[in-house]
Amino acid sequence: MWFDPICPWAWVTSRWLLEVEQVRDVDVRFHVMSLSVLNEGRDVPEQYQQLMQAGWGPVRVCVAVQQQHGPDAVRALYTALGTRIHLGKEELGRDLYVAALADAGLGPELADAAGSTDYDEALRASHEAGMRPVGQDVGTPVIHAPGPDGSPVAFFGPVVTPRPKGEAAGRLWDGVLLVAGTPGFYELKRSREVGPSFE
């Protein structure tokens, strides 16, 4: 799954995937994409522009952790960041990054990456790897998985709230893979009536 820590919908999907791991033979790996990269040069409302500016920090920290500590550390950091951002409603910034790094058993010096462009090339490469198979007109979450016949499939979503649990999580996974693996299938959508629920 490709995620941006600031996206509440990606957070719900990520927690669903962890449920899927418990009931299906699935090994979830988390990769970084960036809504800030995705929205560069786009005409978006001023409030969203401010969020996109602030959004560089957490994805840079995630990429630094990926490079220095590997995928398991990214998984732990994403859980720590998401818990603080979406459940704790903490403000993006150095204090949040240091606290989340500590929650994940990582050193506070990694928070320095938030204000540095040193990791931007790797961030853009990770973003591109996630987005290339699905196109640039979607956001996060993006999932890549083996399809029903074993060939790779990639898709945006699912956007679901609250997350299904137990066998319900597994059934949604089965259905998502079924439609994503159908040649020529592009979209299944309905209007959202509620905001993200973190239950």
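This one's a predicted model, so the numbers in the text were calculated from it and none came from an experiment. (Residues numbered from 1 in each chain as written. Predicted model: local features only at pLDDT ≥ 70, side-chain atom pairs only at ≥ 80, totals over all residues. Heavy atoms only, no water.)

Turning our attention to the overall build of the protein. Check the secondary structure of the protein and you find 8 helices and 4 strands. Starting at the N terminus and ending at the C terminus, the protein contains elements arranged as β-α-β-α-α-α-α-α-α-β-β-α. Over its C-alpha trace the protein gives a radius of gyration of 16 Å, about what one expects of a compact globule, namely 16 Å for 199 residues. Seen along its three principal axes, the alpha-carbon backbone of the protein occupies a region of about 45 × 35 × 35 Å. The burial tally for the protein puts 47% of its 199 residues in the buried class. (Helix = DSSP H or I, 4+ residues; strand = E, 2+ residues; numbered from the N terminus. Rg over C-alpha atoms; globule rule 2.2 N^0.38 Å. Buried < 20%, exposed > 50% of the residue type's maximum accessible area, 1.4 Å probe, protein only.)

The next thing to look at is the nonpolar core. Residues Val 65, Leu 77 and Trp 173 are the most contacted members of the largest nonpolar core, which totals 58 residues. Contact partners of Leu 77, with chain neighbours within four places excluded, come to Val 61, Cys 62, Val 65, Ala 100, Leu 101, Ala 104 and Leu 106. (Core = buried A, V, L, I, M, F, W, Y, C linked by side-chain atoms within 4.5 Å. Contact = heavy atoms within 4.5 Å.)

Another aspect to go through is the pairing of strand E3 (residues 142-146). Bridge analysis of E3 against strand E4 (residues 152-156) gives 5 bridges, and the strand direction is antiparallel. Bridged to Ile 143 within E4 is Phe 155. Counting the residues between successive antiparallel strands, the hairpin from E3 to E4 contains 5 residues, one of them, Gly 150, with a positive phi of roughly 95 degrees. (Pairing = 2+ DSSP bridges.)

Moving on to the packing of aromatic side chains. The tally for this structure, following the rule as stated, stands at 5 aromatic pairs. Relative to Trp 173, the ring of Trp 16 has its centre 6.0 Å away and its plane inclined at 50 degrees; by these criteria the two rings are tilted. Of this pair, Trp 16 sits in helix H1 (residues 8-23) while Trp 173 sits in helix H8 (residues 166-180), and the two are 157 residues apart along the sequence. Side by side, Trp 16 and Trp 173 carry an identical accessibility label, which is buried. Considering the side-chain rings of Phe 30 and Tyr 78, the 5.4 Å spacing of their centres and the 70 degrees angle between planes classify their relative orientation as edge-to-face. One end of the pair, Phe 30, is in the loop between H1 and strand E2 (31-32); the other, Tyr 78, is in helix H5 (residues 71-87), and 48 residues separate them in sequence. (Phe/Tyr/Trp six-rings, centres within 6.5 Å; stacked < 30°, edge-to-face > 60°.)

Before going further, it helps to spend a moment on the packing of helix H4 (residues 56-69) against helix H7 (residues 120-131). Following both chains from N to C, one finds H4 and H7 inclined at 90 degrees, their axes separated by 9 Å at the closest point. The pairing of H4 with H7 is recorded here as roughly perpendicular in orientation. Between H4 and H7, the contacting residues are Trp 56, Val 59, Arg 60, Val 63 and Gln 67 on the first element and Asp 120, Ala 122, Leu 123 and Arg 124 on the second. Across the contact of H4 with H7, the residue classes tally to 5 nonpolar, 1 polar and 3 charged. (Axes fitted to C-alpha atoms, helices over the stretch in contact; angles between N-to-C directions. Parallel < 35°, antiparallel > 145°, perpendicular 65-115°, else oblique. Nonpolar A, V, L, I, M, F, W, Y, C, P; charged D, E, K, R; others polar.)

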